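Per-entry structural report
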Amino acid sequence: MVGRIGGDEFCVIAENAKESKIKEAYQEMNTLIEQYNKEYPQMNMSVAYGYATYDPSKDEDIKDTRGRADKNMYRNKMEMKQEIQ
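Structure report, in brief. One numbering rule holds for all chains: residues counted from 1, following each sequence as written. The model is predicted, so local features are restricted to residues of pLDDT at least 70 and side-chain atom pairs to those at 80 or more, both for listing and for counting; the totals for chains, interfaces and linings are taken over all residues. Note that water and hydrogens are dropped before the side-chain values are worked out from all heavy atoms of the structure.

Examining the packing of aromatic side chains
Filter applied, for reference: Here a Phe, Tyr or Trp ring, Trp counted by its six-membered ring, pairs with any other such ring whose centre lies within 6.5 Å, and the pair is stacked when the planes are under 30 degrees apart, edge-to-face when over 60, and tilted otherwise. In DSSP terms, a helix is any run of H or I states spanning at least four residues, a strand is any run of E spanning at least two, and both are numbered starting from the N terminus. Throughout this description, buried means an accessible area under 20% of the type-specific maximum (1.4 Å probe, protein chains only), exposed means over 50%, and partly exposed covers the range between.
Within this structure, the stated rule accounts for three aromatic pairs. Taking 5.8 Å as the distance between ring centres and 35° as the angle between the ring planes, the aromatic pair formed by Y26 and Y51 counts as tilted. Here Y51 lies in the loop between α1 (19-39) and α2 (62-84) and Y26 lies in helix α1, a separation of 25 residues in the sequence. Classification of Y51 as partly exposed rests on a relative accessible area of 23%. Where Y36 meets Y40, the ring centres are 5.0 Å apart and the plane angle is 40°; that geometry is what we call tilted. One aromatic cluster is present, built from ring pairs that chain together Y26, Y49 and Y51.

Here's what the structure looks like:
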């Protein structure tokens, strides 16, 4: 399930997704973004992302999992900003 959660932020909920598949999807997305940026350098695109998998020792419900994913996305966004400087 994919949903817009505000502004330019989206959330994907993938039941029974393996972490290795999530990382693989991010790598593929990054490859496509790099290709796009080479083809259209005047319209540079970037995507900050974060993910979390449900962990019953940390999460009471999906809101907790999404909150951890959101924190990871903001961490990634800050790393991207530091790379630019």
